[in-house]
Amino acid sequence: MNYSNQKPQKPCLICGQTDWDFLYPAKDYLHDLEGDFSLWECDECGFVHTMPQLVGEDIEVYYPEDYVAYSEDVSQEENAVAKWDRERGVARRCNFAIKSTGKTTGKVLDVGCASGNFLKGMQDRGWDAFGVEPSAYASKYANEVLGLDVKHGYLVDGLFEDDFFDLVMLWDVFEHLEDPETSLEVMRKIIKPGGTLLLSLPNSKSWDRHYFKEAWCGWDVPRHYYAYNPELLQRLVERHGFKKKLLKSFTGRHGSAALSFDYRHKIMGKSKAQRERFQNFFNSYFFRLLSYPFYFLSDRLNRSANMTMVFTKDEA
């Protein structure tokens, strides 16, 4: 397929340049839904842009009810090991978020909260919890099953009062925003002066990205509109009245690599049985233990698949 007619027509979101280099052809390897996409990299700063960018009903197709983020309540997990792993993941994220604010309680908004597991974790830790979620299925689950206060829709101006939240967090959501600058302006308004903005998303400077190339799960087209690295994300966010406080890598480790290997094997044409055999080996306790030094090092050097960046809103 000739991707030349898909080249981005707008300037780079980060540096404003208009020169784009074709990077890779891309498909939806998560759900194997139809569609041809492409990835383009800014020739000046390295910002990566997905084309075409779908909106409205066209993009909603790629968020089916079995989308990975729409998982059921952790307490309903039947597999004991999986339940322990999910509980640990929720606890790590919630404890990190709370520590990043320097507060013990306050008002928190989870943007793109999916079925509400992380938001429920914050509520259980004494925070006044609010959520926004565009999926009707996931927001209904969060409200009716978990008893959370989640608005169905998108974060738009006027949805919440100005200077209302101590913490706004986006776990694996910022890369899904078609218009991140408008969203940042809304978040700046609703966060209290000195309040905290937490963004966790794929790191396009990760070792995984460079090793897996077109099979890297961080591209996740067409759901991810853009791919950021720490420097580019900081440049964008600080233009909107925030200041970087912390960069830490502690999510998207073994699970991200397992997903990227599966995408690579799909591209190679391996059968489902072959892919499952590899996944069983890769996810074994033996291999997890063997790979731990790699993830430890990639975390410390901020070269793991995901990054979490914390910003504070200017006091003025």
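This text follows the structure it describes.
Once that is clear, we can look at helix H10 (residues 285–300). Here H10 spans 22 Å end to end across 16 residues, near enough to the 22 Å set by a 1.5 Å rise per residue. Remark: the principal bend of H10, roughly 40°, maps to serine 291, with a proline, proline 293, within the next four residues. Buried residues of H10: Phe287, Ser291, Tyr295, Ser298 and Asp299, and no others. Against the buried residues of H10 lie helix H6 (207–212), helix H8 (254–268) and helix H9 (272–282). One or two residues past the end of H10 sits asparagine 302, with phi positive at roughly 55°.

Our next topic: the environment of leucine 119. Residue position: leucine 119 is located in helix H3 (residues 117–124). For leucine 119, a relative accessible area of 0% gives the class buried. With 29 residues separating them along the chain, leucine 119 and valine 90 place their C-alpha atoms 9.2 Å apart. Leucine 119 has contacts with Val108, Asp110, Ala129, Phe130, Gly131, Leu148 and Val150, leaving out every residue within four places of it along the chain.

A separate point is empty space enclosed by the protein. Inspection of every chain in the model, using the stated rule, returns 1 cavity of 30 Å³ or more. In this structure, the largest cavity occupies an estimated 60 Å³ of space. Around the largest cavity sit Ala26, Lys27, Tyr29, Leu39, Glu214, Ala215, Trp216, Cys217, Trp219, Asp220, Val221 and Tyr263, which together line it. Considered class by class, the residues forming the lining of the largest cavity number 9 nonpolar, no polar and 3 charged.

On to the sheet that holds strand E5 (residues 128–133), then. Read from one edge of the open sheet, 7 strands run E6-E5-E4-E7-E8-E11-E10, paired in mixed fashion. Strands with a single pairing partner mark the edges of an open sheet, and in this sheet they are strand E6 (149–152) and strand E10 (242–248). Across the sheet, the mean angle from the axis of one strand to that of its neighbour is 20°, orientation sign disregarded. Note that E10 and strand E11 (residues 306–313) share 6 bridges and pair antiparallel. Its bridge partner lying in E11, lysine 243 is registered against threonine 312.

The next subject is the pattern of salt bridges. Taken as a whole and assessed by the stated rule, the structure comprises 16 salt bridges. Between aspartate 124 and lysine 120 there is a salt bridge, with its nearest N and O atoms 3.0 Å apart. You can see aspartate 124 and its partner lysine 120 sitting in helix H3, 4 residues apart, about one turn around the helix. Where salt bridges share partners, they join Asp28, Asp220 and Arg223 into one cluster.

Take a negative patch on the surface next. Together, Asp19, Asp21, Asp43 and Glu44 make up a region of like negative charge exposed at the surface. In this fold, aspartate 21 is placed in strand E1 (residues 20–26).

Side chains of Trp207, Phe294, Leu297 and Leu301 sit close together on the surface and give an oily, nonpolar patch of about 360 Å² of accessible area. Along the chain, leucine 301 turns up in the loop between H10 and E11. With relative accessibility at 46%, the residue leucine 301 sits in the partly exposed group.

We now examine the layout of surface pockets. Vacant regions in the atomic arrangement are exposed by a probe of water-molecule size rolled over the atoms. By volume, the second largest pocket amounts to about 180 Å³. Around the second largest pocket, the lining comprises 13 residues; the ones closest to its centre are Tyr211, Phe212, Ala257, Phe261 and Phe294. For the lining of the second largest pocket, the class distribution of residues is 11 nonpolar, 1 polar and 1 charged.

Moving on, we get to the environment of aspartate 162. Assignment of secondary structure puts aspartate 162 in the loop between E6 and strand E7 (165–171). Considering only alpha carbons, one finds aspartate 162 and isoleucine 191, 29 residues apart in sequence, at a separation of 7.0 Å. If we ignore the near neighbours within four places in the chain, the residues touching aspartate 162 are Lys189 and Ile190.

Cut-offs used in this document
- Residues numbered from 1 in each chain as written.
- Predicted model: local features only at pLDDT ≥ 70, side-chain atom pairs only at ≥ 80, totals over all residues.
- Heavy atoms only, no water.
- Helix = DSSP H or I, 4+ residues; strand = E, 2+ residues; numbered from the N terminus.
- Expected span 1.5 Å × (residues − 1).
- Bend = angle between axes of the 7 residues up to and from the residue.
- Buried < 20%, exposed > 50% of the residue type's maximum accessible area, 1.4 Å probe, protein only.
- Contact = heavy atoms within 4.5 Å.
- 1 Å grid on protein atoms, 1.4 Å probe; cavity = no way out; pocket = protein on both sides within 12 Å on 5 of 7 lines; lining within 4 Å.
- Points joined across faces, edges and corners; volume = space filled by probe spheres on them.
- Nonpolar A, V, L, I, M, F, W, Y, C, P; charged D, E, K, R; others polar.
- Pairing = 2+ DSSP bridges.
- Axes fitted to C-alpha atoms, helices over the stretch in contact; angles between N-to-C directions.
- Salt bridge = Lys/Arg side-chain N within 4 Å of Asp/Glu carboxyl O.
- Patch = residues over 30% accessible without salt bridge, like charges linked within 9 Å, V, L, I, M, F, W, Y side chains within 5 Å.
- Areas by Shrake-Rupley, 256 points an atom, 1.4 Å probe, with all protein chains shown as cover.
- Lys, Arg positive; Asp, Glu negative; His and termini not counted.
- Charge placed at Lys NZ, Arg CZ, Asp CG, Glu CD.

Remember that the coordinates give geometry; whether it matters functionally is a separate question.
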